[in-house]
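# Observations on the three-dimensional arrangement
Now for the letters of each chain:
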Amino acid sequence: MNPIEEVEHMIKQLIEDENVSGYRIQKDTGVSSSNFNAIRRGERDYKNLTFEVII
């Protein structure tokens, strides 16, 4: 698995982990909880986030 695939895999795991709240994601990554929850609901694609937002 190349580094980009590894990051995508980690992001997918985070999205699927219902024990991690949108608020926690916002605090840790800067991605707003509303955006993260929209990603979880399938209304947005995580691939549309810019790399600067993710890191």
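Scroll up to find the structure.
Residues numbered from 1 in each chain as written. Predicted model: local features only at pLDDT ≥ 70, side-chain atom pairs only at ≥ 80, totals over all residues. Heavy atoms only, no water.

## A look at the overall build of the protein
Helix and strand counts for the protein stand at 4 helices and 0 strands. In the protein, the order of α-helices and β-strands from amino to carboxyl end is α-α-α-α. Summarising its shape, the C-alpha atoms of the protein cover approximately 30 × 20 × 20 Å along the three principal directions. Looking at the protein as a whole, 20% of its 55 residues qualify as buried. In the protein, of all internal contacts separated by at least 6 residues, the share reaching a separation of at least 24 is 30%. (Helix = DSSP H or I, 4+ residues; strand = E, 2+ residues; numbered from the N terminus. Buried < 20%, exposed > 50% of the residue type's maximum accessible area, 1.4 Å probe, protein only. Contact = heavy atoms within 4.5 Å.)

## With respect to the pattern of salt bridges
Applying the stated criterion across every chain, the model contains 2 salt bridges. Linking Asp-28 and Arg-24 is a salt bridge whose minimum nitrogen-to-oxygen distance equals 2.8 Å. Of this pair, Asp-28 and Arg-24 both sit in helix α2 (residues 22-29), 4 residues apart, roughly one helical turn. Classification of Asp-28 by relative accessible area gives exposed; the value is 53%. Glu-43 serves as the salt-bridge partner of Arg-41, at 3.0 Å between the closest nitrogen and oxygen. Using a relative accessible area of 52% as the deciding quantity, one classes Arg-41 as exposed. (Salt bridge = Lys/Arg side-chain N within 4 Å of Asp/Glu carboxyl O.)

## Some thoughts on the nonpolar core
Residues Ile-11, Ile-15, Val-20, Ile-25, Val-31, Phe-36, Ile-39, Tyr-46 and Leu-49 constitute the largest nonpolar core, which totals 9 residues. When contributions to this core are tallied by element, the ones reaching two or more residues are α1 (3-16) and α3 (33-41). Excluding its chain neighbours within four sequence positions, the residues that come into contact with Ile-15 are Phe-36, Ile-39, Arg-40 and Tyr-46. (Core = buried A, V, L, I, M, F, W, Y, C linked by side-chain atoms within 4.5 Å.)

## As for α3
Along α3, the positions that sit buried rather than exposed are Phe-36, Ala-38 and Ile-39. One side of α3 carries all its buried residues, which in axial view fall inside an arc of 160 degrees. The elements touched by buried residues of α3 are α1 and α2. The first or second residue beyond α3 is Gly-42, which carries a positive phi of 85 degrees. (Arc of directions from axis to C-beta.)

Note that every value here comes from positions in space, so none of it alone points to a role or purpose.
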